[in-house]
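Listed here are the chains, written in short residue letters.
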Amino acid sequence: MKLGFRWYGPSDSIPLTYIREISGMETVVTSVYSYKPGEKWDLESLKALKKEANEKGLAMDVIESIPVSEDIKRGTPLAKEHIETFKHNLRLCAEVGVKVVCYNFMPVFDWLRTEMHHQNPDGSNSLSYSYDDFCKVDPKNLHLPGWDESYSPEELQDLLKIYQGISHEQLRANLIRFLQEVIPVCEECDIKLAIHPDDPPWDVFGLPRIVSCEADLDAMFEAVPSIYNGLTLCTGSFGAGKHNDVAHMAEKYAKQGRIHFAHLRNILFTDDHDSFVETGHAYGSLDMAKIAKALVDNGFDGYVRPDHGRNIFGENGKPGYGLYDRALGAAYIKGLFDMAEKNK
Ligand code: DNO
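We now turn to the structure provided with this report.

Parameters at a glance
- Residues numbered from 1 in each chain as written.
- Predicted model: local features only at pLDDT ≥ 70, side-chain atom pairs only at ≥ 80, totals over all residues.
- Heavy atoms only, no water.
- Near = heavy atom within 4 Å.
- Polar contact = N/O pair within 3.5 Å; in protein donor to acceptor, adjacent residues only side chain to side chain.
- Areas by Shrake-Rupley, 256 points an atom, 1.4 Å probe, with all protein chains shown as cover.
- Nonpolar A, V, L, I, M, F, W, Y, C, P; charged D, E, K, R; others polar.
- Helix = DSSP H or I, 4+ residues; strand = E, 2+ residues; numbered from the N terminus.
- Expected span 1.5 Å × (residues − 1).
- Bend = angle between axes of the 7 residues up to and from the residue.
- Buried < 20%, exposed > 50% of the residue type's maximum accessible area, 1.4 Å probe, protein only.
- Contact = heavy atoms within 4.5 Å.
- 1 Å grid on protein atoms, 1.4 Å probe; cavity = no way out; pocket = protein on both sides within 12 Å on 5 of 7 lines; lining within 4 Å.
- Points joined across faces, edges and corners; volume = space filled by probe spheres on them.
- Pairing = 2+ DSSP bridges.
- Axes fitted to C-alpha atoms, helices over the stretch in contact; angles between N-to-C directions.
- Core = buried A, V, L, I, M, F, W, Y, C linked by side-chain atoms within 4.5 Å.
- Arc of directions from axis to C-beta.

### Let's talk about the site of the ligand
Turning to step 1, where the next piece is worked out: Taken together, the neighbourhood of the ligand is formed by Arg-6, Glu-64, Ser-65, Cys-102, Tyr-103, Asn-104, Met-106, Asp-110, Trp-111, His-196, His-308 and Tyr-321.
Turning to step 2, where the next piece is worked out: Note that an oxygen atom of the ligand is positioned 3.2 Å from one of the side-chain N or O atoms of Arg-6.
Turning to step 3, where the next piece is worked out: Within the contact set of the ligand, an oxygen atom lies 3.4 Å away from a side-chain nitrogen or oxygen of His-196.
Turning to step 4, where the next piece is worked out: Isolated, the ligand exposes 330 Å² of accessible area, and the fraction of that covered by the protein chains is 94%.
Turning to step 5, where the next piece is worked out: Partitioning the shell around the ligand into residue classes produces 5 nonpolar, 4 polar and 3 charged.

### Observations regarding helix 7 (residues 168-189)
Turning to step 1, where the next piece is worked out: The terminal C-alpha atoms of helix 7 lie 31 Å apart, and with 22 residues this matches the ideal 32 Å at 1.5 Å per residue to within 8%.
Turning to step 2, where the next piece is worked out: At Val-182, helix 7 is bent by approximately 30°, the largest bend along its length, and proline Pro-184 sits one to four residues beyond.
Turning to step 3, where the next piece is worked out: All of the buried residues along helix 7 are Leu-171, Asn-174, Leu-175, Ile-176, Phe-178, Leu-179, Val-182, Ile-183, Val-185, Cys-186 and Cys-189.
Turning to step 4, where the next piece is worked out: Among the structural elements, helix 3 (70-74), helix 4 (79-95), strand 4 (100-104), strand 7 (192-196), helix 8 (214-223) and strand 8 (229-234) are those in contact with the buried residues of helix 7.
Turning to step 5, where the next piece is worked out: Asp-190 occupies a position one or two residues after helix 7 and carries a positive phi of about 55°.

### Digging into the environment of Lys-56
Turning to step 1, where the next piece is worked out: On the secondary structure map, Lys-56 appears in the loop between helix 2 (43-55) and strand 3 (59-64).
Turning to step 2, where the next piece is worked out: Taking C-alpha positions, Lys-56 is 9.1 Å from Ile-19, a pair spaced 37 residues apart along the chain.
Turning to step 3, where the next piece is worked out: The contacts of Lys-56, once residues within four sequence positions are left out, are Leu-16, Thr-17 and Arg-20.

### So, the layout of surface pockets
Empty space left among the atoms is revealed by rolling a probe the size of a water molecule over them.
Turning to step 1, where the next piece is worked out: Roughly 1400 Å³ of internal volume is contained in the largest pocket.
Turning to step 2, where the next piece is worked out: Taken together, 44 residues make up the lining of the largest pocket; nearest its centre are Arg-6, Asp-110, Trp-111, Trp-147 and Ser-150.
Turning to step 3, where the next piece is worked out: Elements represented by at least two residues in the lining of the largest pocket include exactly helix 3, strand 4 and helix 6 (153-164).
Turning to step 4, where the next piece is worked out: Top element by residues in the lining of the largest pocket is helix 3. It accounts for 3 residues.
Turning to step 5, where the next piece is worked out: Residue composition of the lining of the largest pocket, grouped by class: 20 nonpolar, 11 polar and 13 charged.

### Quick look at the sheet that holds strand 12 (residues 303-306)
Turning to step 1, where the next piece is worked out: Pairing in this closed barrel of 8 strands is parallel, and the strands run 1-2-3-4-7-8-9-12 around the ring. Recorded for the sheet is a direction-independent mean angle of 30° between the axes of neighbouring strands.
Turning to step 2, where the next piece is worked out: The pairing of strand 7 with strand 8 spans 3 bridges and is parallel. Among the inter-strand pairings, Ile-195 is bridged to a residue of strand 8, identified as Leu-231.
Turning to step 3, where the next piece is worked out: Across the sheet, helix 7 touches strand 4, strand 7 and strand 8, and the angle it forms with strand 7 is around 150°.

### A closer look at the nonpolar core
Looking at soluble globular proteins, one finds that nonpolar side chains tend to be buried together.
Turning to step 1, where the next piece is worked out: Core analysis: the largest hydrophobic core is formed by 101 residues, its most contacted members being Leu-90, Tyr-103, Phe-109, Phe-178, Leu-193, Phe-205 and Leu-233.
Turning to step 2, where the next piece is worked out: Per-element accounting of this core gives the leading share, 10 residues, to helix 7.
Turning to step 3, where the next piece is worked out: Beyond its immediate chain neighbours, meaning those up to four positions away, Phe-205 contacts Phe-109, Leu-112, Phe-134, Val-137, Pro-139, Leu-142, Leu-144 and Leu-160.
Turning to step 4, where the next piece is worked out: Of all hydrophobic cores here, the second largest spans 7 residues; its members include Val-62, Val-100, Phe-261 and Tyr-303.

### Re unusual backbone geometry
A negative phi angle characterises most non-glycine residues, just as the trans form characterises most peptide bonds.
Turning to step 1, where the next piece is worked out: The linkage connecting Glu-64 with the following residue, Ser-65, adopts the cis geometry, with an omega of -5°.
Turning to step 2, where the next piece is worked out: Looking at the secondary structure, you find Ser-65 in the loop between strand 3 and helix 3.
Turning to step 3, where the next piece is worked out: A cis amide bond links Asp-199 with the next residue in sequence, Pro-200, at an omega value of -5°.
Turning to step 4, where the next piece is worked out: Looking at the element boundaries, Pro-200 is found in the loop between strand 7 and helix 8.

### Considering helix 2
Turning to step 1, where the next piece is worked out: Between its first and last C-alpha atoms helix 2 spans 18 Å; for 13 residues at 1.5 Å apiece the expected length is 18 Å, and the two agree.
Turning to step 2, where the next piece is worked out: Among all positions in helix 2, only Leu-43, Leu-46, Leu-49 and Ala-53 are buried. Looking down the long axis of helix 2, one finds its buried residues gathered within 130° of arc, a one-sided arrangement. Seen from the buried face of helix 2, the exposed residues on the opposite side, beyond 90 degrees, are Glu-44, Lys-51 and Glu-55.
Turning to step 3, where the next piece is worked out: Its side-chain oxygen 3.3 Å from the backbone nitrogen of Glu-44, Asp-42 forms the N-cap of helix 2.
Turning to step 4, where the next piece is worked out: Immediately beyond the C-terminal end of helix 2, within one or two residues, lies Gly-57, with a positive phi of roughly 85°.

In structure tokens form, the structure reads like this:
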């Protein structure tokens, strides 16, 4: 396993020197954030990111994400052009030696929570999802924590309306069309593509979601069998769905060589309706030791990053992406993997 840490580029409040000091840290996980989905990146931006990471002793092996435009997901007339742009961006990544590219195919929202600073009994705060609060959200007057800056209310209403006409089958067909186009480029430039699951793994506001469970993954891998067509095993995303057994999924897809990247974090269910809070990595409803062991025992050799942490030690970090709890998480994860390797 190779350990990585998400870095939001030069504007990240966490300096690379701190990331480098986390024991066992090898690579940043980053992206070019200055372009909109569907826009062509430039080589210079990628080179600059890589140079900065390398100067601090870190690799830049993983890009999270190259965003997929809504046009590609919806299959509009612009999809063809945007797929070409995605290929262009993949080739640029290859030029700077990137090994894995993460992306997702979620319509409109690529994660959803009802609270950004949920107060935990231990004094920390973290992201959370409450079924009761979600039921109170009015889809006609949508305000969501963390998303109000990304879309105007009109844009959101338009997008929701457009997706009403798109079925799961259609969305899946668009994903497969996309993969049939881009996977040959991945093969050619030796970049593993790793889809991020739906977070949380069910439909929201009538928007179809198609990467929520094993059946979704099986259909996707069957349609495009190349091993370059792979998965980001996000434990917290899959794990928020009680229909998913994450340790089993880790075993199954590691065995198939499909897991190129893993996001490790824990959640704690807080009621019978799928409500959850994000906990520290070492505690919660998911058995992290079992998941790490399943990955190691089944030949997983990809990249891992500690996913969302809480705000602890008085830090007021970007929700999910503060330094301290993710650094503790990295140490815990490294411990689990080292132990699993020794006991293999
Ligand atoms: C949230 C992240 C997601 C993820 C994208 C990958 O914290 O896990 O935003 O980066 O879904 O495309």
